[in-house]
Amino acid sequence: MKGVLLVNLGSPESPTAKDVKPYLDEFLMDKYVIDVPFLLRALLVRGIILQTRPKKSAAAYAKIWWDEGSPLVVISKRMHEKVEKLVDVPVSLAMRYGNPSLLSGLQELHDKGVNEVLLFPLYPQHAMASTTTILELAEELRKKHFPEMKFTIVPAFYNKPDYIKNLADSIKGHLDGYDYDHLLFSYHGIPERHIRKTDITKSHCKIDGSCCNTPSPAHEFCYRHQCYETTKQVVKLLGIPEGKYSQTFQSRLAGDKWLTPYTDVEVNKMPEKGIKKLAVVTPAFVSDCLETLEEIAMEANHEFKKHGGEEFLAIPCLNDSDEWCTTVSNWISEWATVEKSIA
Ligand SMILES: C=CC1=C(C)c2cc3[nH]c(cc4nc(cc5[nH]c(cc1n2)c(C)c5CCC(=O)O)C(CCC(=O)O)=C4C)c(C)c3C=C
Ligand SMILES: [Fe+2]
Ligand SMILES: [Fe+2]
């Protein structure tokens, strides 16, 4: 029997340092997130980052927390409920870090008699820190607890026409009647090293002005290429002219060189370039979360205005919109039907 596991990133249990600390420990001790040898990672994470960051992150979470819980988890649950009603197969929801755990999601499907699972990472673009880590953990759990299960994986959907259309329609709806000067596509950043590590050709990704526009098998797993492609296809569909939009990367941690240009640096420079009314969309996330609600809608908004900007619009993620839930359920139904007809 077939079933689906939707997987998102996950959040702490509450916006307190006490709960943020174990969440950050699980997250940052992941070898696909901080990809250095274990001892160095433990020194960095437990010896340095976890000494101060839980308090700072908890304060940020407290600003965006809802009565029902973390926005990311609440939105994912709402989306899950809608999708489940639109398809004929069991659908479970799991988080890579925190709860509901991947193990509980797989167990739930197993208990319903599911032995063929469509693993659906809720990330439009592929990255080892987001997608690979889900697939690796799921495989580890499968081998240990559900050896009879078979997995099929939903690949990155950064350029799938119905996803692009949902994103473009959502942006269009939010920009309707708003005479914006500039539309910024701000994606979650990753260290440049991650791009080189996921380059299956081991030679293509130079992280320069042209590699991401030069066709290559590397692009199947190149986060940077996939981000540019999402932006390119959305602006094409919306007819947004060159110069009226740009792309940046947000949420970097100190230390490594991360993908550039950096969102905070560019946003602060915009007012002096004549951009007074800014709209920002965050297509690396399908659900609003700390990174969109606090870092963009609050912090970037504040900094933009401090530097002379006048109006700032943070465009919500696709969240549990009917259009997006329909797209997700269509993909699920296509898989379930093809598999059924082959069987
Ligand atoms: C080395 C550090 C990090 C990498 C690499 C990274 C990649 C990455 N993250 C997301 C999605 C999300 N990240 C979120 C929060 C968050 N991310 C990091 C670090 C890295 N992320 C940290 C430390 C945090 C926690 C908050 C903080 O202390 O700043 C979130 C929000 C979660 C929430 O509860 O709302 C999301 C979503 C992607 C897609 C990605 C690679 C492309
Ligand atoms: Fe992150
Ligand atoms: Fe590239």
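For the structure itself, consult the block above.
About the criteria used
- Residues numbered from 1 in each chain as written.
- Chains lettered and ligands numbered in written order.
- Predicted model: local features only at pLDDT ≥ 70, side-chain atom pairs only at ≥ 80, totals over all residues.
- Heavy atoms only, no water.
- Helix = DSSP H or I, 4+ residues; strand = E, 2+ residues; numbered from the N terminus.
- Buried < 20%, exposed > 50% of the residue type's maximum accessible area, 1.4 Å probe, protein only.
- Contact = heavy atoms within 4.5 Å.
- Lys, Arg positive; Asp, Glu negative; His and termini not counted.
- Charge placed at Lys NZ, Arg CZ, Asp CG, Glu CD.
- Pairing = 2+ DSSP bridges.
- Axes fitted to C-alpha atoms, helices over the stretch in contact; angles between N-to-C directions.

A. Focus on the overall build of the protein. Helix and strand content of the protein: 12 helices and eight strands. Put simply, the protein has 343 residues, and 55% of those count as buried. Of the contacts made within the protein by residues no fewer than 6 positions apart, 74% connect residues no fewer than 24 positions apart. In the protein, 41 positive and 46 negative side-chain charges are present, and the distance between their average locations comes to 4 Å.

B. Molecular detail of the sheet that holds strand 7 (residues 277-281). An order of 6-5-7-8 is seen for the four strands of this open sheet, with the pairing classed as parallel. Edge strands, defined here as strands with exactly one partner in the open sheet, are strand 6 (245-250) and strand 8 (311-314). When the angles between neighbouring strand axes are averaged without regard to direction, this sheet yields 25°. Bridge analysis of strand 7 against strand 8 gives four bridges, and the strand direction is parallel. By the bridge assignment, A279 is partnered in strand 8 with L313. The strands touched by helix 8 (residues 223-238) are strand 5 (182-188) and strand 6; relative to strand 5, the strand with the most contacts, the crossing angle is about 155°. Running at roughly 165° to strand 8, helix 11 (residues 295-306) makes contact with strand 5, strand 6, strand 7 and strand 8 of the sheet.

C. Summary view of the pairing of strand 5. Counting buried positions over the seven residues of strand 5 gives six, a clear majority of the element. As judged from the four bridges shared by strand 5 and strand 7, these two strands associate in the parallel manner. By the bridge assignment for strand 7, F185 is matched with V281. Pairing of strand 5 with strand 6 involves six bridges; the strand directions are parallel. Bridging across to strand 6, S186 finds its partner in T248.

Purely geometric stuff here, so don't read any function into it on its own.
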